[in-house]
Amino acid sequence: DEVFEANRQRQYPRELMMSTVVELMMLVSLGLRPSLHAAARKMERLPVSLTALYDKVNRTEPAVLRALVQGSAARLAPVMEQIEGEASLAGWRLRILDGNHLPASQKRLAPLRDHRGAALPGHTLVVYDPDQGLVTDIVACEDAHESERIAAQTLVASAQAGELWLADSHFCTRALLQGWQQTGAAFIVREHGTHPRLVEQGSWQEAGRCETGVLSEQSIGIEGDGVLWRRIQLVLDEPTRDGLTQLNLWSNLPPEVTAEQIANLYRRRWRIEGLFGRLESVLHSEIRTLGHPRAALLGFATAVLAYNVLSLLKRCIEQAHREQAPELDVSTYHLAVDVVSDYKGMLIALPPSTWSSWSEAGPEQMADYLLRLARFVSPRS
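These figures come from a predicted structure and were not determined experimentally. (Residues numbered from 1 in each chain as written. Predicted model: local features only at pLDDT ≥ 70, side-chain atom pairs only at ≥ 80, totals over all residues. Heavy atoms only, no water.)

### A short note on helix H7 (residues 174–183)
Right, so step 1: By the burial criterion, the buried members of H7 are Leu176, Leu177, Gln178, Gly179 and Trp180.
Right, so step 2: Of the residues flanking the end of H7, it is Gly184, one or two places downstream, whose phi is positive at about 90°. (Buried < 20%, exposed > 50% of the residue type's maximum accessible area, 1.4 Å probe, protein only. Helix = DSSP H or I, 4+ residues; strand = E, 2+ residues; numbered from the N terminus.)

### Topic: the packing of helix H9 (residues 271–281) against helix H10 (residues 293–320)
Right, so step 1: Remark: H9 packs on H10, axes separated minimally by 10 Å, with the N-to-C direction vectors making an angle of 105°. On the basis of the axis angle, H9 is roughly perpendicular to H10. Within the contact between the two elements, H9 uses Leu275, Phe276, Arg278 and Leu279 and H10 uses Phe300, Ala303, Val304 and Tyr307.
Right, so step 2: Taken together, the residues of the contact of H9 with H10 sort by class into seven nonpolar, no polar and one charged. (Axes fitted to C-alpha atoms, helices over the stretch in contact; angles between N-to-C directions. Parallel < 35°, antiparallel > 145°, perpendicular 65-115°, else oblique. Contact = heavy atoms within 4.5 Å. Nonpolar A, V, L, I, M, F, W, Y, C, P; charged D, E, K, R; others polar.)

### Some words on the packing of helix H2 (residues 18–29) against H10
Right, so step 1: Running from N to C, H2 and H10 point in directions that differ by 80°, and their axes come no closer than 9 Å. The angle between H2 and H10 falls in the class roughly perpendicular. Counting all contacts with H2, which are made through Met18, Val21, Val22, Met25, Met26 and Ser29, the residues of H10 involved are Leu298, Gly299, Thr302, Ala303, Leu305 and Ala306.
Right, so step 2: Taken together, the residues that form the contact of H2 with H10 break down as nine nonpolar, three polar and no charged.

### Quick notes on the packing of aromatic side chains
Right, so step 1: Going through the model one piece at a time under the given rule, you end up with four aromatic pairs.
Right, so step 2: Residues Trp165 and Trp180 carry aromatic rings whose centres are separated by 5.7 Å and whose planes lie at 40° to one another, so their mutual orientation is tilted. With Trp165 in strand E4 (residues 163–167) and Trp180 in helix H7, the pair connects residues that are 15 residues apart, well separated along the chain.
Right, so step 3: Trp165 gets classed as buried once you look at its relative accessible area, which sits at 3%.
Right, so step 4: Here the aromatic rings of Phe187 and Trp229 are separated by 5.1 Å at their centres, their planes lie at 85°, and the arrangement is edge-to-face. Residue Phe187 is found in strand E5 (residues 186–190), and its partner Trp229 is found in strand E9 (residues 228–236); the two are separated by 42 residues along the sequence.
Right, so step 5: On the basis of relative accessibility, which here comes to 0%, the residue Phe187 falls in the buried class.
Right, so step 6: Here the aromatic cluster, defined as three or more aromatic residues joined through ring pairs, consists of Trp165, Trp180, Phe187 and Trp229.
Right, so step 7: Across the ring face of Trp270, the terminal group of Arg269 is positioned such that the distance to the ring centre comes to 4.5 Å. (Phe/Tyr/Trp six-rings, centres within 6.5 Å; stacked < 30°, edge-to-face > 60°. Lys NZ or Arg CZ within 6 Å of the ring centre and 35° of its normal.)

Following this line, the structure appears as structure tokens:
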């Protein structure tokens, strides 16, 4: 409710609070209710009519969704830092950038239901920290055809020094690369075929090899910048599924980070594809029964909130059993299934007041308690 009040533009709270909306959507994301309508009908004291509820959901502003996800990461990251983990590159915080397009649905817009092409509900740009397993930021776009490159400029503007951003060739533009450079952040971006235009290219130098092929490196410069970056060329031992035999990566990382490290780091970009798959299959991020673009984007953002919590629980269980099972990789799917199976009974047995004190708990206290609970979990399950 505080996030909503601080970030709303046209919406305002009356009888229905934003916390109630998110609670109902979370029940759908976790699979505890088949739809928002079913979740609302089961709620004992819904303060408004179903029509008013859907009006609120359909008008949820994208700025509120972004603030909810940012707040989720800000509160969970300090707890996550109390649990042992290994950084992908010492001294840098990884950020993977990619877009997620929700599927077309004939329920989106009534005037288009008789047409052959279904209406698209929008898309979301997602920033993912693979080391902590948290989604740190999003930008929700109502227009499904809005350029991801333009929307990404909002995320680049909030980048910070010490962050290392990974992105595919779609985001290899002068505005984005220079934006990261100016904020003090680093980047590893796959080269686009036509832009940005290079005005300076150094000679190629052999750079050894990595797990997937042979490496070489050169210095490059783009128009209007005056700063030299690095281009890493990877000649693959085996072609990709698309038949590619060579990849070119651009980076502004310092020379002490080797070409092999850069190539290996870029491979971690595919982890965000696994994130999107888990959001869809485990947390029902694509709720086809929601008929408005803003409602569909709210469903995706709520699934992200649930995913961040599950990521923290996953890390706690793995750490609690590290000595007995050093290779333990907890399944997000089965963790979510366990939550769903026990959630209803827990709410009956333990009233909301049981949890209120934990809202003010510090990161160390919260991490210690979660680790103690995690020791009672059977890794095999």
